[in-house]
Amino acid sequence: EAGVTQSPTHLIKTRGQQVTLRCSPISGHTSVYWYQQALGLGLQFLLWYDEGEERNRGNFPPRFSGRQFPNYSSELNVNALELEDSALYLCASSLAGRRNQPQHFGDGTRLSIL
Amino acid sequence: DQQVKQNSPSLSVQEGRISILNCDYTNSMFDYFLWYKKYPAEGPTFLISISSIKDKNEDGRFTVFLNKSAKHLSLHIVPSQPGDSAVYFCAASPGGYQKVTFGIGTKLQVIP
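So, here is what we can say about the structure in this document. (Residues numbered from 1 in each chain as written. Chains lettered and ligands numbered in written order. Predicted model: local features only at pLDDT ≥ 70, side-chain atom pairs only at ≥ 80, totals over all residues. Heavy atoms only, no water.)

Observations concerning the interface of chain A and chain B
Applicable threshold: Residues are treated as being in contact if the distance between any of their heavy atoms lies within 4.5 Å. Once two parts are brought into contact, the accessible area they lose, counted with a 1.4 Å probe and summed over both, makes up the buried area. Salt bridge, as applied in this entry: a Lys or Arg side-chain nitrogen positioned within 4 Å of an Asp or Glu carboxyl oxygen. Polar contact is defined as a pair of N or O atoms within 3.5 Å, subject to the rule that within protein one atom must be able to donate a hydrogen and the other to accept it, and that residues adjacent in sequence are counted only when both atoms are side-chain atoms. Put simply, DSSP marks the helices as runs of H or I at least four residues long and the strands as runs of E at least two long, and each gets a number from the N terminus on.
Listed as interface residues are 21 residues of chain A and, on the opposing side, 21 residues of chain B. Interface of chain A and chain B: buried area, both sides summed, is about 1800 Å²; carbon and sulfur atoms make up 59% of it. For chain A, the biggest contributors to the area lost against chain B are Leu43(A), Arg99(A) and Asn100(A); these three give 28% of the whole. Across the contact surface, chain A and chain B share 0 salt bridges. On the surface where chain A and chain B come into contact, there are 2 residue pairs in polar contact (both at pLDDT 80 or more). Every element with two or more residues in the side of chain A that touches chain B is listed here: strand 4 (31-37), strand 5 (44-50), strand 9 (87-94) and strand 10 (104-105) of chain A. Element by element, the count of residues in the side of chain A that touches chain B is highest for strand 4 of chain A, at 3 residues.

Some words on the sheet that holds strand 3 (residues 19-25) of chain B
All names here are of chain B. Which entries qualify depends on this criterion: Any two strands between which DSSP finds at least two bridges are classified as paired.
With respect to topology, 5 strands assemble into an open sheet ordered 1-3-8-7-6, the strand pairing being antiparallel. Strand pairing shows two members of the sheet lacking a second neighbour, strand 1 (4-5) and strand 6 (56-59), which therefore form its edges. Here strand 1 runs beside strand 3; their pairing, made up of 2 bridges, is antiparallel. By the bridge assignment, Lys5 is partnered in strand 3 with Asp24.

Things to note about the pattern of salt bridges
Residue and element names in this part refer to chain A. Under the convention used in this document: With a 1.4 Å probe rolled over the protein chains alone, any residue whose accessible area is under 20% of its type maximum counts as buried; one over 50% counts as exposed, and the rest are partly exposed.
Applying the stated rule across the entire model yields 9 salt bridges over all chains. Here Glu75 makes a salt bridge to Arg22, at a shortest N to O gap of 3.6 Å. Linking Glu75 in strand 8 (residues 74-78) with Arg22 in strand 3 (residues 19-24), this pair joins segments that are 53 residues apart in sequence. Residue classification places Arg22 among the partly exposed positions, given a relative accessible area of 42%. Of the charged contacts in the structure, one is a salt bridge between Arg57 and Glu54, with a shortest N-O distance of 3.9 Å.

Looking at the sheet that holds strand 3 of chain A
Residues and elements named next belong to chain A. Rules: Between N-to-C directions, angles cover 0 to 180 degrees, with each direction set by a line fitted to C-alpha atoms, over the stretch in contact for helices.
Taken together, 4 strands build an open sheet; the order of strands is 1-3-8-7 and the sheet is antiparallel. Strands at the two margins of the open sheet, each flanked by one partner only, are strand 1 (5-7) and strand 7 (64-68). Mean inter-strand twist for the sheet, computed between neighbouring axes without regard to direction, equals 20°. Of the strand pairs in this sheet, strand 3 and strand 8 are connected by 5 bridges, and their pairing is antiparallel. Paired with Val19 across the bridge in strand 8 is Val78.

As for the nonpolar core
Heads up, the condition is: Throughout, nonpolar core names a set of buried Ala, Val, Leu, Ile, Met, Phe, Trp, Tyr and Cys residues whose side chains join them through atoms within 4.5 Å.
Formed by 23 residues in total, the largest nonpolar core has its most connected members in Phe33(B), Trp35(B), Leu73(B), Leu75(B) and Tyr88(B). Only strand 3, strand 4 (32-38), strand 5 (45-51), strand 7 (62-67), strand 8 (72-77), strand 9 (86-93) and strand 11 (106-111) of chain B provide two or more residues apiece to this core. A per-element tally of this core places strand 9 of chain B first, with 4 residues. Leave out the neighbours within four places in its chain, and Leu75(B) touches Ser19(B), Ile20(B), Leu21(B), Trp35(B), Leu47(B), Ile48(B), Phe62(B), Thr63(B) and Tyr88(B). With 22 residues, the next largest nonpolar core counts Ala38(A), Leu46(A), Val78(A) and Tyr89(A) among its residues.

Considerations on the state of the cysteines
All names here are of chain A. Where we set the bar: Cysteine sulfur atoms that come within 2.5 Å of each other are treated as a disulfide pair.
Going through the model one piece at a time under the given rule, you end up with 2 disulfides over all chains. In this model, Cys23 is linked to Cys91 through a disulfide, with the two sulfur atoms separated by 1.8 Å. Looking down the S-S bond of the Cys23 and Cys91 bridge, the torsion is -65°, so its handedness is left-handed. In this pair, Cys23 is assigned in strand 3 and Cys91 in strand 9, connecting sequence segments 68 residues apart.

This is the structure we're talking about:
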């Protein structure tokens, strides 16, 4: 069974630019989650998508947005990049609609802002 | 406000001995708890979970204990192996399929 896949693995951008990160969930999983892990910090919840809709969002500014496609893959978009956006961005997926289902993670996209 | 706290940033244990990683939480709405392991340059890997209706869950060398009254959980690894050296994240959620809150992690080093 293929795991959660994310692309690209690494990305370098400059301040003010925009970036799109991509995620494909495990087959059969309909919920997709995005997290940010900045250096020295834990995983911070960004967004949760299920059945194409945003279900919850963390304490991040509106320039962080995303969407989920009919095949349940997802994109995370970050506009007007700032230096503090440099981080590892992790995507996770889980079975939706069932309690107590663990989220399974991809290996992340390392975003560096110069 | 850190709702899931891992107060030990690092832990060193001899191979073959027990590793005990601790976690405290403050949100009474949390009823599903998880442990993840993370190697450098990889995403977190799910290890074991426990729901609030239980106080213990075992999976091979890994056992998680939950003390709801103290809002405390721990992960025991017995026996510890060098391959267990990684960062361990404690996580919690209200129901499991919702937003998961993570601790900042504890780096475990198992010394051969």
